Amino acid sequence: MRTHKHLNRIHRYLSKELRQIDPALFSAEAKSKYPKRDHRVSCVHYVEDLVCDGLGIEKKIYVENGKKVKISK
């Protein structure tokens, strides 16, 4: 499935979910889940986890050091 097909679902889901999360708690959870990442990157990965887990969408593949790696839990 391609992400653009899910934009409306993602928007509705994030609008609902992010209103329920304290920003400091969100930031702490993101950093604890991805401790070796920059703060912004850890937050992006955490949002992706929320969306993919909440909507059943397959996670993206990232490129690091010239190699494709799939984010896994």
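Let us look at the structure shown here. (Residues numbered from 1 in each chain as written. Predicted model: local features only at pLDDT ≥ 70, side-chain atom pairs only at ≥ 80, totals over all residues. Heavy atoms only, no water.)

**What to know about the overall build of the protein chain**
Heads up, the condition is: Note on conventions: DSSP H or I runs of at least 4 residues are helices, E runs of at least 2 residues are strands, and numbering of each starts at the N terminus. Throughout, a residue-residue contact means that at least one pair of heavy atoms, one from each residue, lies within 4.5 Å. Surface exposure here means Shrake-Rupley accessible area, sampled with a 1.4 Å probe, where a residue is shielded only by the protein chains that are shown.
Across its full length, the protein chain carries three helices and two strands. Sequence-distant contacts in the protein chain: of pairs separated by 6 or more residues, those separated by 24 or more amount to 30%. Of the accessible surface of the protein chain, which amounts to about 5,700 Å², a share of 55% is contributed by carbon and sulfur atoms.

**Regarding helix H3 (residues 39-55)**
Keep this limit in mind: The length a helix should cover is 1.5 Å for every residue beyond the first. The classification of residues rests on relative accessible area computed with a 1.4 Å probe and restricted to protein chains. Under 20% of the type maximum is buried, over 50% is exposed, and intermediate values are partly exposed. Whenever two N or O atoms come within 3.5 Å, that pair is a polar contact, provided that in protein one can donate a hydrogen and the other can accept it, and provided that, for residues adjacent in sequence, both atoms are side-chain atoms.
Helix length check: H3 (17 residues) gives 24 Å between terminal C-alpha atoms against 24 Å at 1.5 Å per residue, within 8%. Listed in full, the buried residues belonging to H3 are Ser 42, Cys 43, His 45, Tyr 46, Glu 48, Asp 49, Leu 50, Val 51, Cys 52 and Leu 55. The N-cap residue of H3 is Asp 38: its side-chain oxygen and the backbone nitrogen of Arg 40 are 3.0 Å apart.

**Here's the deal with the packing of helix H2 (residues 23-33) against H3**
As a reminder, the rule being used: To define axes, lines are fitted to C-alpha atoms, for helices over the stretch in contact only, and angles between the resulting N-to-C directions are given on a 0 to 180 degree scale. Here the word oblique covers every angle except those under 35 degrees (roughly parallel), over 145 (roughly antiparallel) and from 65 to 115 (roughly perpendicular). The residue classification treats Ala, Val, Leu, Ile, Met, Phe, Trp, Tyr, Cys and Pro as nonpolar and Asp, Glu, Lys and Arg as charged. All others, Gly included, are polar.
At a minimum axis distance of 8 Å, the contact between H2 and H3 shows a crossing angle of 95 degrees. Between H2 and H3, the crossing angle belongs to the class labelled roughly perpendicular. When H2 is examined against H3, the residues Phe 26, Ser 27, Glu 29, Ala 30, Lys 31 and Lys 33 are found in contact with a partner set consisting of His 39, Ser 42, Cys 43, Tyr 46, Val 47, Asp 49 and Leu 50. Within the contact of H2 with H3, the residues separate by chemical class into six nonpolar, three polar and four charged.

**Points about the pattern of salt bridges**
Definition in use: By definition, a salt bridge exists where a carboxyl oxygen of Asp or Glu is found within 4 Å of a side-chain nitrogen of Lys or Arg.
Across all of its chains, the model carries one salt bridge by this definition. Of the charged contacts, one joins Lys 33 and Asp 49 as a salt bridge, the two residues approaching to 3.1 Å between their closest N and O atoms. In this pair, Lys 33 is assigned in helix H2 and Asp 49 in helix H3, connecting sequence segments 16 residues apart. Residue classification places Asp 49 among the buried residues on the basis of a relative accessible area of 2%.

**Section: the nonpolar core**
Rules: Buried residues of nine kinds, namely Ala, Val, Leu, Ile, Met, Phe, Trp, Tyr and Cys, make up a nonpolar core once their side-chain atoms join them within 4.5 Å.
One finds Ile 10, Tyr 13, Leu 14, Val 51, Cys 52, Leu 55 and Ile 57 forming the largest nonpolar core, which totals seven residues. Going through the elements one at a time, helix H1 (7-19) and H3 are the ones with two or more residues in this core. Excluding residues within four positions of it along the chain, Tyr 13 makes contact with Leu 50, Val 51, Gly 54 and Leu 55. Counting five residues, the second largest nonpolar core, distinct from the first, contains Phe 26, Cys 43, Tyr 46 and Leu 50.

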